[in-house]
Amino acid sequence: MMKVKWLLTGMIAVVGLCAVAVLAHEKGKKAEKVPAAYAKKKNPLAGNAQSVHAGKPLYEKNCLPCHGAHGKGDGPAAKAIKVKPANLADAHMMKEMSDAALFWKISEGAAKGAMPAFKGKLKEQERWHLVNYIRTFAAHAAHKGTSSKVTYTCPMHPEVESDKPGKCPKCGMNLVKK
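Given the structure is predicted, the values throughout are model-derived calculations rather than measurements.

Caption draft 1: Representation of the sheet that holds strand E1 (residues 152–153). As summarised here, the arrangement of the three strands in space is E2-E1-E3, forming an open sheet in which the pairing is antiparallel. Both outer strands of the open sheet, strand E2 (161–162) and strand E3 (176–177), are each paired with one neighbouring strand and no more. Where E1 meets E2, two bridges bridge the pair, whose relative direction is antiparallel. What sits directly across from tyrosine 152, in E2, is serine 162.

Caption draft 2: Region of interest: the pattern of salt bridges. Counted by the stated rule, this structure contains five salt bridges. A salt bridge links lysine 56 to glutamate 60; the nearest nitrogen and oxygen atoms lie 3.9 Å apart. Of this pair, lysine 56 and glutamate 60 both sit in helix H3 (residues 49–62), separated by four residues, roughly a single helical turn. Judged by relative accessible area, which is 39%, lysine 56 ranks as partly exposed.

Caption draft 3: A look at the confidence of the model for the protein chain. Of all residues in the protein chain, 76% have pLDDT values of 70 or greater, and the mean over the chain is 79. Looking at the elements of the protein chain, mean pLDDT is at its lowest for helix H1 (residues 2–28), recorded as 43, and at its highest for helix H6 (residues 99–108), recorded as 95. Here residues 7–30 scores under 50 on pLDDT; set against residues more than four positions off or in separate chains, the count is zero contacts.

Caption draft 4: Inspection of the nonpolar core at higher detail. Judged by nonpolar contacts, the single largest core of 24 residues is most densely connected at Tyr59, Leu102, Ile106, Leu130 and Ile134. Those elements giving two or more residues to this core turn out to be H3, H6 and helix H7 (124–144). Sorting elements by how many residues they give to this core places H7 first, with seven residues. In terms of nonpolar packing, the next biggest core, distinct from the first, is built from five residues, Tyr152, Val160, Cys168 and Leu175 among them.

Quick notes on the rules
Residues numbered from 1 in each chain as written. Predicted model: local features only at pLDDT ≥ 70, side-chain atom pairs only at ≥ 80, totals over all residues. Heavy atoms only, no water. Pairing = 2+ DSSP bridges. Helix = DSSP H or I, 4+ residues; strand = E, 2+ residues; numbered from the N terminus. Salt bridge = Lys/Arg side-chain N within 4 Å of Asp/Glu carboxyl O. Buried < 20%, exposed > 50% of the residue type's maximum accessible area, 1.4 Å probe, protein only. pLDDT = per-residue confidence, 0-100. Contact = heavy atoms within 4.5 Å. Core = buried A, V, L, I, M, F, W, Y, C linked by side-chain atoms within 4.5 Å.

Written out as structure tokens, the structure is:
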């Protein structure tokens, strides 16, 4: 009994230290402040499906090499870049970033990293099309993660799956939600 108590205490301490380390790391990250000239901008094409459609070829030509086909920062040129391109499919990150901030990064390039500025290469409306198209990656990832289908699996045999609760045919343990 005493060994279990010490084991649990040790596990709680390790989890606590990990949480402190993660929070310290996150606190240490400096959020880039969007310049006032960009922070005031409103997306004139917000929610426009035609804009998303217009943004796709712009993304494929200008962004895909680094950010990849699905915006995960894994494009063919990403391997050669010292700073990994942003994962544009990260729903949490993209939810925290305003359209104005995304437009600013596209326009002026990334302060840290190798992303070029597209202000001189793409017209303002084209950059807004890119904002709208890029938003589809995170929306798709968030939608993909919210399936209504529930799957049950065995903690000891993860290969055993069922769409209903029950017992594992291999060991008899109760199946749990995946």
